[in-house]
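Notes for the structure review
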Amino acid sequence: MSTPPSAGSPPNGSPHAAISPPSPWVLRFAPLVRAGGPVLDLACGSGRHLRLFQTRNHPVAGLDRDLRGVADLTGTAGVELVEADLENGAPVPLLRDRRFAAIVVTNYLHRPLFPAILDALEPGGLLLYETFALGNARFGRPASPAFLLRNGELLEVARGRLQVVAYEHGEVASPKAAMVQRLCAVKDLEAGHGLDGDPEPRPLPHPLPA
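Basis of the calculations
- Residues numbered from 1 in each chain as written.
- Predicted model: local features only at pLDDT ≥ 70, side-chain atom pairs only at ≥ 80, totals over all residues.
- Heavy atoms only, no water.
- Buried < 20%, exposed > 50% of the residue type's maximum accessible area, 1.4 Å probe, protein only.
- Helix = DSSP H or I, 4+ residues; strand = E, 2+ residues; numbered from the N terminus.
- Pairing = 2+ DSSP bridges.
- Right-handed = clockwise from strand over helix to strand, strands pointing away.
- pLDDT = per-residue confidence, 0-100.
- Contact = heavy atoms within 4.5 Å.

Here the focus is the pairing of strand S2 (residues 60–64). With five of five residues buried, S2 lies mostly within the body of the structure. Going residue by residue along S2, you find Val60, Gly62 and Asp64 tucked away on one face and Ala61 and Leu63 tucked away on the opposite face as well. In this sheet, S2 lies alongside strand S1 (residues 39–42) in parallel orientation, the contact comprising four bridges. From the neighbouring strand, Asp41 faces S2, where its bridge partner is Gly62. Crossover handedness for the path S1 to helix H2 (residues 48–55) to S2: right-handed. Here five bridges tie S2 to strand S3 (residues 79–83), and the two strands are oriented parallel to one another. Note on S3: the bridge partner recorded for Ala61 is Glu80.

In structure tokens:
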């Protein structure tokens, strides 16, 4: 299920939160995305990550049930916007017949989409996922377990399908107090040279300054 939208509205009247800075997690690992590869911002909201990858010269696609938060990008070259209900059980546009160099999902959870998300990654494609985890109820919404990841849940999603580059689970203070879980993983399990069957590790970008 989806997490509830954040409070606040951008100038165009969208119910989505006003455009906020990109997630530091997404910013840190954005350089690992294949240069010029297409990027999907799933449940894009106000499009903060769609906009980030557009500035990095990637063709981008935004997918959401409500596109008013990215209405200002309508008709922009290299930007594709698709309005769709992600949770009605029907095949999701873009996930059904496309492959992406990266898929970004933040502050959103609908577990039935996990298989389609992984299938929509191209070989070597990057999954950047960050959303709320169990324990977040002590800080406010979302509070229902339906919207909250269990400890290690994203690792289980990746197991046998993706190479985990980085994973975090715990309490954060910024941009607000919350319990979060984060994953960066690449669709590449091909054995690396001299690694006893393990895949070739990706370079780890330096953490961003606090």
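Read on for the rest.
The next point concerns the confidence of the model for the protein. Where the model shows low pLDDT, its predicted coordinates should not be examined in detail. For the protein, the mean per-residue pLDDT works out to 91, and 91% of the residues sit at or above 70. Note that pLDDT drops below 50 for residues 1–17; the model gives that stretch 49 contacts with residues more than four away or on any other chain.

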